[in-house]
Amino acid sequence: MVKYIVVVMCLLSATTALFSFFSIKNISDVKAKDVRFDGKKIILTGDVIIEGRLGIIHCEKAELFLPDFSESSNSDKNASSATSPALSPERILLQNSVTFELTDGSRLTSDEADINCIDLEGVFSAKPPHKVVYVAYVEEEGVRVPVKTTSTIMRVKMKKDEKSSAYVLSDVQGEGAVTIEYQPKGSLGL
C-alpha cells in the first residue's frame, strides 16, 4: 500500500505540469493500470486517462520524458520543487488508440502522438488504413457545425486563450491524403 501511494505521488508530481503549461491545480486526474518509473521517464500502460486543463487524453500507453538533471548546476538543485522543471516532462509519447477530447468539444484521434511540452507542439500520426481524425466545430448562424478533417499526419500547436485562460489548439496542419468534410445540416457519423 505504501509503495502504491509513493508511486501515485511521484506520478502526480511529474504529470502536474503536463505539456509544460499545466499547473498543479490544472491536473485533475491520472489513471492507468500500470505505472513504472525508470529514473528518466514515467511509463503509464493500460487504459491510460490523463485529465487536465486542455481536456482528456485516452490511450493505451504514455511515456513522459523528464529532463536530465545530471549536468545541472548546484543553483538549479536548490530551486524550489514548485518551479522545478523535474515536474514538467519535456516530451510525451502516446501510443495505441490515442484520443484527445478538448474542452471546447473538439476531438482528435490517432494511433500515436509525440508532444513537445516545451514548444507546445505535437505530431499525431496513423498507420494505413487508419487515419488521424480531427473534429472541430464552427459557429454558423448560432448553430455549431461539425467539420471533420482526416490525414495520415497532423501537426498541432497549442496556446493559451486570452479570453478564457484555457489552452486550445491554435494551428492544425494535415499531411498525406487530407480530406475535410463540412456538414451544415447533419452529423458526420462520429
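Residues numbered from 1 in each chain as written. Predicted model: local features only at pLDDT ≥ 70, side-chain atom pairs only at ≥ 80, totals over all residues. Heavy atoms only, no water.

Engineer: Give a description of the packing of aromatic side chains that names residues and reports values.
Structural biologist: As enumerated under the stated definition, the model contains one aromatic pair in all. Relative to F124, the ring of F100 lies with its centre 5.8 Å away and its plane at 35 degrees, an arrangement referred to as tilted. Of this pair, F100 sits in strand β5 (residues 91–102) while F124 sits in strand β7 (residues 121–125); the two residues are 24 residues apart in sequence, bridging distant segments of the chain. Neither residue differs from the other here; F100 and F124 are each classed as buried. Across from the ring centre of F65, 5.4 Å away, lies the NZ or CZ of R91, which sits over that ring. For the cation-ring pair, R144 lies above Y137, with the distance from its terminal atom to the ring centre recorded as 4.1 Å. (Phe/Tyr/Trp six-rings, centres within 6.5 Å; stacked < 30°, edge-to-face > 60°. Helix = DSSP H or I, 4+ residues; strand = E, 2+ residues; numbered from the N terminus. Buried < 20%, exposed > 50% of the residue type's maximum accessible area, 1.4 Å probe, protein only. Lys NZ or Arg CZ within 6 Å of the ring centre and 35° of its normal.)

Engineer: Can you lay out the nonpolar core for me, pointing to particular residues and giving the numbers?
Structural biologist: Across soluble globular proteins, you tend to see nonpolar side chains buried next to one another. Of all hydrophobic cores here, the largest spans 31 residues; its most connected members are L44, L94, L108 and F124. Secondary-structure elements contributing two or more residues to this core are β3 (41–51), β4 (55–65), β5, β6 (107–116), β8 (132–140), β10 (153–160) and β11 (167–175). If you tally residues by element for this core, the top one is β5, at five residues. Here L108 is in contact with V98, T99, F100, F124, V132, V133, Y134, V156 and L169, once residues within four sequence places are set aside. (Core = buried A, V, L, I, M, F, W, Y, C linked by side-chain atoms within 4.5 Å. Contact = heavy atoms within 4.5 Å.)

Engineer: Tell me about unusual backbone geometry, and name the residues and values.
Structural biologist: Backbone geometry follows two general trends: most residues other than glycine have a negative phi, and most peptide bonds adopt the trans configuration. Cis rather than trans, the peptide bond between P128 and P129 has omega equal to 15 degrees. Positive phi outside glycine occurs at L120, with the angle close to 55 degrees. Take L120: it is sitting in the loop between β6 and β7. A relative accessible area of 18% means that L120 is categorised as buried.

Engineer: Give a detailed account of the pairing of β3, specifying residues and quantitative values.
Structural biologist: Two faces make up the sheet, and in a regular strand the side chains alternate between them. Burial within β3 is extensive, with eight of its 11 residues counted as buried. Summarising the sheet, strand β1 (residues 29–31) and β3 pair through three bridges and their orientation is antiparallel. Bridge assignment links V30 to a residue of β3, and that residue is I50. Across four bridges, strand β2 (residues 34–37) lies against β3 in antiparallel orientation. For D34, the partnering residue across the bridge sits in β3 and is T45. Connecting the antiparallel pair β2 and β3 is a turn made up of three residues, with G39 showing a positive phi of about 95 degrees. (Pairing = 2+ DSSP bridges.)

Engineer: Go over the pairing of β4 with me, naming the residues and quoting the values.
Structural biologist: Looking at chain direction, β3 and β4 are connected through nine bridges and run antiparallel. The residue bridging I49 from the neighbouring strand is H58, located in β4. Taken together, the nine bridges between β4 and β5 define a ladder with antiparallel strand orientation. The residue bridging K61 from the neighbouring strand is Q95, located in β5.

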